[in-house]
Amino acid sequence: MGKVVSQQELIQATAREKRDGRRVVFTNGCFDLLHPGHVRCLAKARALGDVLIVAVNSDQSVRGNKGPERPLVAEQDRAEVLAALACVDYVTIFDEPTPRELISRVLPSVLVKGADWALDTVAGREEVEAAGGRVVSIPIAPGYSTTNLVQRIRNGARVSAASPGTKNKT
C-alpha cells in the first residue's frame, strides 16, 4: 500500500496506527496548486501528531466548492504531489463537499484546518471532539492563496520581488 489510498484502506490503516499508540492528525483541502503556504501548514499539522492524513477534494467536489473552472490539476495528480511530501503519511480523495463522513469514520486525535476557517464551521469538529480529540487552527502564511495565484496567472502578472518567497531575477 502506497501513500495514496482508498478511504477503506485509510480507515484500516488508521485503526492500526491507533492500536500502535500513534496520534493521528487529519486535514483536508483542494490543494489545487501546491504552494509554500500549503507546505508550511502541512508541516505544522504533522508536528501535532505521529501520522498525518490529507484528504483531498475530488475534481467533482472542487467544482462544487470553487466553480466550473477549477480544479486546474486533476485529483490523482494533486494526491500524488501531496504524497511526495515527507510530512504526509496518507492521502485519500473524497467526493462530498466536506469530509465530515470520512472524519467520523477515522476519528483522528487532531483535526487541523487553516485559520481562515472559524472553528465552529470546521466539518467533523463535533465528531472529533465527542471522541475526545481536538480541533486546531493553524495560521495561514500571508500572501499565499491558490485563488489569488490563479487570478494573477489569468491576468498575466509577472512574479516580482514583492511576491512572498520569490526573488526578482532581473
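It should be noted that the structure appears before, not after, this text.
**Examining a nonpolar patch on the surface**
On the surface, Leu34, Val39 and Val81 cluster together into a nonpolar patch covering about 200 Å² of accessible area. In this structure, leucine 34 sits in the loop between strand E1 (24-29) and helix H2 (36-46). Judged by relative accessible area, which is 32%, leucine 34 ranks as partly exposed.

**Topic: the nonpolar core**
By size, the foremost hydrophobic cluster in this structure holds 20 residues, and its most contacted members are Leu42, Leu52, Val54, Leu82, Val88, Val91 and Val112. Looking at this core, the elements that each hand over two or more residues are H2, strand E2 (51-57), helix H4 (75-83), strand E3 (90-94), strand E4 (110-114) and strand E5 (134-138). If sequence neighbours within four positions are ignored, valine 91 has contacts with Lys3, Val4, Val5, Val54, Val56, Ala79, Leu82 and Ala83. Ile103, Val122, Val128 and Val135 belong to the second-largest nonpolar core, a separate cluster that totals 18 residues.

What counts and how
- Residues numbered from 1 in each chain as written.
- Predicted model: local features only at pLDDT ≥ 70, side-chain atom pairs only at ≥ 80, totals over all residues.
- Heavy atoms only, no water.
- Patch = residues over 30% accessible without salt bridge, like charges linked within 9 Å, V, L, I, M, F, W, Y side chains within 5 Å.
- Areas by Shrake-Rupley, 256 points an atom, 1.4 Å probe, with all protein chains shown as cover.
- Salt bridge = Lys/Arg side-chain N within 4 Å of Asp/Glu carboxyl O.
- Helix = DSSP H or I, 4+ residues; strand = E, 2+ residues; numbered from the N terminus.
- Buried < 20%, exposed > 50% of the residue type's maximum accessible area, 1.4 Å probe, protein only.
- Core = buried A, V, L, I, M, F, W, Y, C linked by side-chain atoms within 4.5 Å.
- Contact = heavy atoms within 4.5 Å.

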